[in-house]
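# Survey of secondary and tertiary structure
Single-letter residue listing:
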Amino acid sequence: MSAIIKQEASTATVASGAQEAFKQPLPLNESNPNNESKSNKTTITSPGYSLKLTLEGHKCFLSALRFSPTGDWLASASCDRLVKLWDVRTGQTTKSFEGHTMGINDITWSPDGDYLISCSDDKCIRLWDPLSGQCVRTMQGHWKQVFACSMNPQGNLIASSSLDCTVRLWDVRNGKTLKIVPAHMDPITTLDFNRDGSLFVTGSFDGLVRIWDTISGVLQKTLIDEDNSPVGYVKFAPNGRYILAAYLNSQIKLWSFQKPKCLRVYKGHINLNYCISANFSVTAGMWIVSGSEDHSLHIWSLQRKELVQKLEAHSEVVICVDCHPSQNLIATGSLGCKENLKLWQSSESDPTAK
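What counts, and where the lines are drawn
Residues numbered from 1 in each chain as written. Predicted model: local features only at pLDDT ≥ 70, side-chain atom pairs only at ≥ 80, totals over all residues. Heavy atoms only, no water. Disulfide = S-S within 2.5 Å. Helix = DSSP H or I, 4+ residues; strand = E, 2+ residues; numbered from the N terminus. Salt bridge = Lys/Arg side-chain N within 4 Å of Asp/Glu carboxyl O. Buried < 20%, exposed > 50% of the residue type's maximum accessible area, 1.4 Å probe, protein only. Phe/Tyr/Trp six-rings, centres within 6.5 Å; stacked < 30°, edge-to-face > 60°. Lys NZ or Arg CZ within 6 Å of the ring centre and 35° of its normal. Pairing = 2+ DSSP bridges. Axes fitted to C-alpha atoms, helices over the stretch in contact; angles between N-to-C directions.

### Notes on the state of the cysteines
The full count for this structure, using the stated rule, is 1 disulfide. Disulfide partner of Cys60: Cys79, at an S-S distance of 1.9 Å. An S-S torsion of about -70 degrees defines the bridge between Cys60 and Cys79 as left-handed. Residue Cys60 is located in the loop between strand S1 (50–54) and strand S2 (62–67), and its partner Cys79 is located in the loop between strand S3 (73–78) and strand S4 (82–87); the two are separated by 19 residues in the primary sequence.

Structural data, given as structure tokens:
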């Protein structure tokens, strides 16, 4: 197991300019996550996102979106059992990946962009070649629906989480299970690797966020929300020092997991019933981005926690969002069956603005 994670360490993802911009995201008011700072109050300008493209193709609601590492492509997954690949520049679909027999819950890219990974209610994880559209490998082992998947930065390990309350770690080379981690007492909704792949984080309906050592599978930390609300989504910050967790109580929290301590709470959206994704946007200003059950896209200042823009994005719940790795673009997906995938663009250019 150790060799699997450590091999090709020199090819691990190097911090991009966007990640470098995230070196010191929390200089103000770390000790008071819920109340606004009474000093250093400045006016925050909206990033000014507006609709760029509506992407037509999926006939059923969206479940996940992921820009490719280069940002040239956008992958989308849907309950229509399809993964689609889109040209970000034109908004045209280039390929559809068929193979899952039930709705797809999550997708992710390999760090080099050579593969797509998907997981589904059919209990399978599939590895796809985005050039040919062919399924390279199918991984089976979970005994209930697979809800989330992630690949480590080295590109040789896949983690999947399931309603069977376990995380499985898979060897990409042969599709074999390397480790089974009984991570939570309730279904595991979400997981993510940190920037060097040494840790992964999980979130569950049990209200807990847990951080695990990848090699040993041993629990390192548990982040406990005072309300114990179900966790719908978790994501490591680009610098690996923080974790963003979206709860089904209409709150998104930014945690310093080493302390552990909640540093920021973002409010204003509605999230009570669905596992809605949230993300960091660091291509210019530093924002927190999330969908909402009020059909809107919400954007907060990462530093100040202020809701700086709310866009009436879709006619149904905005269930998934993703941020372009180098451009000021946001993709949104909704629970609608029409106009359920959109791209939003900002003219923001000053990385020191917020």
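### Examining the pattern of salt bridges
Counted according to the given criterion, the structure contains 4 salt bridges. A salt bridge links Arg66 to Asp106, with the nearest nitrogen and oxygen atoms 3.1 Å apart. Here Asp106 lies in strand S6 (residues 104–109) and Arg66 lies in strand S2, a separation of 40 residues in the sequence. An identical accessibility class is assigned to Arg66 and Asp106; each is buried. Where Asp225 meets Lys253, a salt bridge forms, and the shortest distance between an N and an O atom there is 2.3 Å. One end of the pair, Asp225, is in the loop between strand S17 (219–224) and strand S18 (231–236); the other, Lys253, is in strand S20 (residues 251–256), and 28 residues separate them in sequence. Lys253 shares its class with Asp225; the two are buried.

### Observations concerning the packing of aromatic side chains
The way to describe two aromatic rings as a pair is by their centre distance and the angle between their planes. Going through the model one piece at a time under the given rule, you end up with 5 aromatic pairs. Consider the rings of Phe193 and Phe200, whose centres lie 6.2 Å apart with planes at 70 degrees: the pair is edge-to-face. Grouping residues by exposure puts Phe193 and Phe200 together as buried. By the ring-pair criterion, three or more aromatic residues cluster together here, those being Phe193, Phe200 and Trp212. Over the aromatic face of Tyr247 sits the side chain of Lys253, whose NZ or CZ is 6.0 Å from the ring centroid.

### Here we look at the environment of Gln303
Here Gln303 shows up in the loop between strand S24 (296–301) and strand S25 (307–312). Of the residues examined, Gln303 reaches a relative accessible area of 12% and is grouped as buried. C-alpha separation for the pair Gln303 and Arg264, spaced 39 residues apart in sequence, amounts to 8.2 Å.

### Looking at the sheet that holds strand S15 (residues 199–204)
Read across the sheet, 4 strands follow the order S14-S15-S16-S17 without closing on themselves; strand pairing throughout is antiparallel. In the strand order of this sheet, the two ends are held by strand S14 (188–193) and S17, each with one partner. Pairwise comparison of adjacent strand axes, ignoring direction, gives a mean angle of 20 degrees for this sheet. The pairing of strand S16 (residues 208–213) with S17 spans 5 bridges and is antiparallel. By the bridge assignment, Val209 is partnered in S17 with Leu223.

### Quick word on the pairing of S14
Of all 6 residues making up S14, 6 are buried, and the element is well covered by its neighbours. Both S14 and S15 contribute to a ladder of 5 bridges, which runs antiparallel. Note on S15: the bridge partner recorded for Leu191 is Thr202. Following S14, the chain reverses through 5 residues before pairing antiparallel with S15; Gly197 in that reversal takes a positive phi of roughly 80 degrees.

### Some remarks on the sheet that holds strand S23 (residues 287–290)
By definition, the strands of a sheet pair up through backbone hydrogen bonds, in either a parallel or an antiparallel sense. Here we have 4 strands laid out as an open sheet, ordered S22-S23-S24-S25, and antiparallel in their pairing. Every other strand in the sheet has two partners, leaving strand S22 (278–281) and S25 as the edge strands with one partner each. Averaged over all pairs of adjacent strands, the angle between strand axes in this sheet comes to 20 degrees, irrespective of strand direction. By the bridge criterion, 4 bridges tie S23 to S24 in an arrangement that is antiparallel. If you follow Ser290 over to S24, its bridge partner there is His298.

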